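The lines below spell out each chain.
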Amino acid sequence: MKQLLLLLTAILSYNCYSQISFEKGYFIDINDQKTEVLIKNLDWRKNPTQFEYKEEENSQPKFATAKTVKEFGIYNTSKYVGTNINMDRSSNNITNLSHDKNPIFQEEELFLKVLVEGNSNLYEYVDNNVTRYFYNIENSDIEQLIYKKYKFSENNIGENNRFRQQLWKDVKCSNSKMDVIEKLNYTKKDLLKYFVDVNKCDQQEYVNFEEKQERDVFNFTIRPRVNSSSLAIVNSYFKKNDFENKINFGLGVEAEFILPFNKNKWAIAIEPTYQSYNAEARTNVSDVAGGEVIATVDYSSIEIPVGLRHYLFLNDNSKMFINASYIFDFSSNSYIELVRNDGSYINSLEIKTNNNFAMGVGFKQNDRYSLELRYHAGREVLGNYLYWNSDFKSISLIFGYSLF
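Small disclaimer: the values here were computed from a predicted structure and weren't measured. (Residues numbered from 1 in each chain as written. Predicted model: local features only at pLDDT ≥ 70, side-chain atom pairs only at ≥ 80, totals over all residues. Heavy atoms only, no water.)

Novice: Can you break down the overall build of the chain residue by residue, with the values?
Specialist: Across its full length, the chain carries four helices and 24 strands. Reported as C-alpha extents along the three principal axes, the dimensions of the chain are approximately 95 × 60 × 35 Å. Expressed as a percentage of its 404 residues, the buried residues of the chain come to 45%. Of the accessible surface of the chain, which amounts to about 22,000 Å², a share of 50% is contributed by carbon and sulfur atoms. One way to put it: in the chain the 47 positive side-chain charges average out to a point 1 Å from where the 53 negative ones average out. (Helix = DSSP H or I, 4+ residues; strand = E, 2+ residues; numbered from the N terminus. Buried < 20%, exposed > 50% of the residue type's maximum accessible area, 1.4 Å probe, protein only. Areas by Shrake-Rupley, 256 points an atom, 1.4 Å probe, with all protein chains shown as cover. Lys, Arg positive; Asp, Glu negative; His and termini not counted. Charge placed at Lys NZ, Arg CZ, Asp CG, Glu CD.)

Structure, rendered in structure tokens:
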């Protein structure tokens, strides 16, 4: 385990230096001077307070904020505008709602993400639990689309949906209908579609920055493996029984969901897996007839690891990954049998397992072939017995082939 932790630390340290990705972009300063640069693309989940850029590939990185930059963008990817704007940060959390239905504006200097750019423009701001949308028409000032939950009595919650009135007044075309606007929710999906439809209706050129290139969002992988497993059981009477280390085989299928931020570096994986372990242990016990207890284990189960994975891109075709998993284990018809050396019966223990953790490091090539080394922390397999303790451990070498 110690060696695996050292390897994980080394890989993360390497990632700190190797994963800096600067892409072609630009920024426009407050004097309207446009500068072509290379911008570090962090695929921001929250709106950035600053961005890092290089003037040339080998030059030193610099930082810029909304105080000095009125716009920056990464070509074919994203665009942000720097602005000084009034924004309402009122909480929509039920426990923190105010009794005032009106927004409470504060002046802030920040970057807004451009969602739709055309005759009618839509912007987004995300910061922790705050999500706000903004708009403007052509070159008019940017304003917040107003939506706020509030309490109008101790047990009743109201909604200020003024954003619908704003849209009907400022963002519509000849085909716009009030009943359509009345059904809009204050969500990216609804507002994005509405602004795209209005720009289309006006026959204006527009850019939908959310129309990104098709990306890999789901992978299904066959994952056979070789397991090296061991088991120890103990109680005060039979002392400790150490079962021999065994090499066995398992088979899993993994569903991997790529998370939509940070350049596809994070994923959630669910991996139902069949594993089995059969072994024997002999222990000298002086007060048992024959002086020896023979324990045999027959253990098979379906493991379901649910894990978080982080990718470290090496180049366009290869990447390393690390993951941590919580494993739900479901055993079936599994037991540990204790007999004397003459074969006479002593006891039979039904295997009922507890859940455990696992950590792994791996490599993936061409988004198709993968190899992972995974360490499973100790698992209790005699959870139903008060006076027995057990420790089942395994290390797995997992091969992977992604079908899609």
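Structure's up, so let's keep going.
Novice: Explain empty space enclosed by the protein to me, and be specific about the residues and the numbers.
Specialist: Within this structure, the stated rule accounts for three cavities of 30 Å³ or more. Around the largest cavity, the lining residues are Arg 225, Asn 227, Ser 229, Thr 273, Tyr 274, Gln 275, Glu 303, His 376, Phe 392, Ser 394 and Ser 396. The set of elements that each furnish at least two residues to the lining of the largest cavity consists of β14 (218-235), β17 (273-284) and β24 (389-402). By residue class, the composition of the lining of the largest cavity is two nonpolar, seven polar and two charged. (1 Å grid on protein atoms, 1.4 Å probe; cavity = no way out; pocket = protein on both sides within 12 Å on 5 of 7 lines; lining within 4 Å. Points joined across faces, edges and corners; volume = space filled by probe spheres on them. Nonpolar A, V, L, I, M, F, W, Y, C, P; charged D, E, K, R; others polar.)

Novice: Which residues make up the nonpolar core, and what values do they have?
Specialist: Judged by nonpolar contacts, the single largest core of 20 residues is most densely connected at Leu 231, Phe 243, Tyr 277, Val 297 and Ile 336. Going through the elements one at a time, β14, β17, β18 (292-313) and β20 (335-340) are the ones with two or more residues in this core. By residue number, the principal contributor to this core is β18, which donates four residues. If near-sequence neighbours (up to four positions away) are discounted, Val 297 is found in contact with Leu 231, Phe 243, Tyr 277, Asn 278, Ala 279, Tyr 335, Ile 336 and Ile 351. With 19 residues, the next largest nonpolar core counts Phe 163, Leu 167, Tyr 186 and Phe 195 among its residues. (Core = buried A, V, L, I, M, F, W, Y, C linked by side-chain atoms within 4.5 Å. Contact = heavy atoms within 4.5 Å.)

Novice: Can you explain the confidence of the model for the chain? Please cite residues and give values.
Specialist: Counting all residues, the mean pLDDT for the chain is 88, and 93% of those residues have values of 70 or more. By mean pLDDT, the top-scoring element of the chain is strand β10 (residues 143-144) (96), and the lowest-scoring one is helix α1 (residues 2-18) (47). Below pLDDT 50 for its whole length, residues 10-20 participates in twelve contacts with residues either more than four positions away or in separate chains. (pLDDT = per-residue confidence, 0-100.)

Novice: Run through the environment of Val 253, naming residues and quoting values.
Specialist: Residue placement: Val 253 occurs in strand β15 (residues 239-258). Sequence separation between Val 253 and Ile 270 is 17 residues, and the spatial gap between their C-alpha atoms is 8.4 Å.

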